Amino acid sequence: MKFAPNYLLKVKGFLCKYLDLNKDKDDELTIVDTICKGVEFKGSNLWILIFAIFMASLGLNVNSTAVIIGAMLISPLMGPIMGIGLSVGINDLDLLKRSFKSYLIATFFSVITATVFFLVFSPFSEAQSELLARTSPTIYDVFIALFGGAAGVVALSTKEKGNVIPGVAIATALMPPLCTAGFGLATGNWIYFLGAFYLYFINSVFISVATFLGVRIMKFRAKKFVDQERE
């Protein structure tokens, strides 16, 4: 009977040793600053998003997976979404407002850009398979967004950082649904628009949820307020 508790303690020690997130954790101020820098959508960041949307729309239009992946690699859309999760996790109301504002701006410009592309530049009017795949969200999209967001926040919280965020952007596929929503507006197909926008919303929400959970699990310090009533 004594063997079981000792065995469990050894297993617990083994898991703690290899799964400890705090072992490689970077300075919290550095992590927060890194995420905050990706929140703003002004100037070059916004132009990069617009060009990436044009690329993704073209990739969807000609059914080219390679072009779509390339567009997602350069897209800065993850910034404000992770900013929302971080701000809730550390109780930073100002960051939440900035992140949500940037999220709305990025979403608006993305849909408008995609709509203009499909209205003016698109040589085809029929929906290709890559485009149709973004009109019907499933439960698997929730899991992809959740695990992808978790990988993103863990990577940003380590000293090495790594090259995880582009992979997360590809896996969670934030841009193609926005381009498909633009296609729906351009062709007057509200089923495509609503289905694609719902998929984008699901991805955004669960990436933010994963970021929030990661911040809480890694025990980030909450923002302190001088005014206790405001806090």
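Calculation criteria
Residues numbered from 1 in each chain as written. Predicted model: local features only at pLDDT ≥ 70, side-chain atom pairs only at ≥ 80, totals over all residues. Heavy atoms only, no water. Helix = DSSP H or I, 4+ residues; strand = E, 2+ residues; numbered from the N terminus. Expected span 1.5 Å × (residues − 1). Polar contact = N/O pair within 3.5 Å; in protein donor to acceptor, adjacent residues only side chain to side chain. Buried < 20%, exposed > 50% of the residue type's maximum accessible area, 1.4 Å probe, protein only. Contact = heavy atoms within 4.5 Å. Phe/Tyr/Trp six-rings, centres within 6.5 Å; stacked < 30°, edge-to-face > 60°. Axes fitted to C-alpha atoms, helices over the stretch in contact; angles between N-to-C directions. Parallel < 35°, antiparallel > 145°, perpendicular 65-115°, else oblique. Left-handed = near helix turned anticlockwise from the far one by under 90°. Nonpolar A, V, L, I, M, F, W, Y, C, P; charged D, E, K, R; others polar. Salt bridge = Lys/Arg side-chain N within 4 Å of Asp/Glu carboxyl O. Core = buried A, V, L, I, M, F, W, Y, C linked by side-chain atoms within 4.5 Å.

**A few points about helix α11 (residues 190-217)**
The periodicity of an α-helix, 3.6 residues per turn, causes residues three or four positions apart to be oriented the same way.
Moving on, step 1. Taking 1.5 Å of rise per residue, the 28 residues of α11 would be expected to cover 40 Å, and the 40 Å separating its terminal C-alpha atoms lies within 8% of that figure.
Moving on, step 2. Two to three positions downstream of the cap, the backbone nitrogen of I191 sits 3.2 Å from a side-chain oxygen, assigning the N-cap of α11 to N189.
Moving on, step 3. With its phi angle positive at about 55°, K219 sits one or two positions after the end of α11.

**What about the side chain of S102?**
Moving on, step 1. With respect to the element layout, S102 can be found in helix α6 (residues 93-121).
Moving on, step 2. Residue classification places S102 among the buried residues on the basis of a relative accessible area of 4%.
Moving on, step 3. Excluding residues that lie within four positions of it along the chain, S102 makes contacts with V39, E40, F41 and P80.

**Brief notes about the environment of G148**
Moving on, step 1. Structurally, G148 is set in helix α8 (residues 139-156).
Moving on, step 2. With a relative accessible area of 10%, G148 lands in the buried category.
Moving on, step 3. Residues G148 and N203, spaced 55 residues apart in sequence, show a C-alpha to C-alpha distance of 9.5 Å.

**Remarks on the packing of aromatic side chains**
Moving on, step 1. Counted under the stated rule, the structure contains 12 aromatic pairs.
Moving on, step 2. Considering the side-chain rings of W47 and F51, the 5.6 Å spacing of their centres and the 35° angle between planes classify their relative orientation as tilted. One end of the pair is W47 and the other is F51, both in helix α3 (residues 44-61) and four residues apart, which spans about a single turn.
Moving on, step 3. Each ring, one from F117 and one from F118, has its centre 5.1 Å from the other, and the planes form 85°; the classification is edge-to-face. Of the two residues, F117 and F118, both sit in the buried class.

**A look at the side chain of D92**
Moving on, step 1. The residue D92 is located in the loop between α5 (78-89) and α6 in this model.
Moving on, step 2. Within the local environment of D92, its side chain forms a polar contact with the backbone nitrogen of D94, the two atoms lying 3.3 Å apart.
Moving on, step 3. Here the side chain of D92 touches L95 through a polar contact of 3.1 Å, landing on its backbone nitrogen.
Moving on, step 4. Apart from residues lying up to four places away in sequence, D92 is in contact with S87 and K223.

**Here we look at the packing of α5 against α6**
Moving on, step 1. Contact pair α5 / α6: the axes reach a minimum separation of 8 Å and the direction vectors enclose 160°. Considering the angle they form, α5 stands roughly antiparallel to α6. As α5 runs across α6, the sense of the crossing is left-handed. Contacts between α5 and α6 involve P80, I81, G83, I84, L86, S87 and V88 on the former and, on the latter, L95, L96, S99, F100, S102 and Y103.
Moving on, step 2. The residue inventory of the contact of α5 with α6, partitioned by class, reads nine nonpolar, four polar and no charged.

**Digging into the pattern of salt bridges**
Moving on, step 1. On inspection of all chains with the given rule, the structure shows two salt bridges.
Moving on, step 2. Notably, a salt bridge pairs K37 with D33, separated by 3.4 Å at the nearest N-O pair. With a gap of four residues between them, K37 and D33 both fall in helix α2 (residues 28-37), about one helical turn apart.
Moving on, step 3. Between R98 and E40 there is a salt bridge, with the nearest N and O atoms lying 3.0 Å from each other. With a gap of 58 residues between them, R98 in helix α6 and E40 in the loop between α2 and α3 connect regions that are remote in the sequence.

**Details of the nonpolar core**
Moving on, step 1. In this structure, L77, L86 and F220 are the most contacted members of the largest nonpolar core, which totals 45 residues.
Moving on, step 2. Sorting the residues of this core by element identifies α2, α3, α4 (65-74), α5, α6, α8, α10 (175-187) and α11 as the ones contributing at least two each.
Moving on, step 3. Excluding residues that lie within four positions of it along the chain, L77 makes contacts with F41, L49, A106, L174, M175, L178 and Y200.
Moving on, step 4. Formed by five residues, the second largest nonpolar core is a distinct cluster that contains F118, F183, A186 and Y192.

**A few points about the packing of α10 against α11**
Moving on, step 1. It is the contact of α10 with α11, at a shortest axis distance of 7 Å, that shows an interaxial angle of 160°. With respect to their mutual orientation, α10 and α11 come out roughly antiparallel. Like other packed secondary-structure pairs, α10 and α11 cross with a definite hand, here left-handed. Between α10 and α11, the contacting residues are P177, L178, T180, A181, F183, G184 and L185 on the first element and W190, Y192, F193, A196, F197, L199 and Y200 on the second.
Moving on, step 2. Considering only residue class, the contact of α10 with α11 consists of 12 nonpolar, two polar and no charged.

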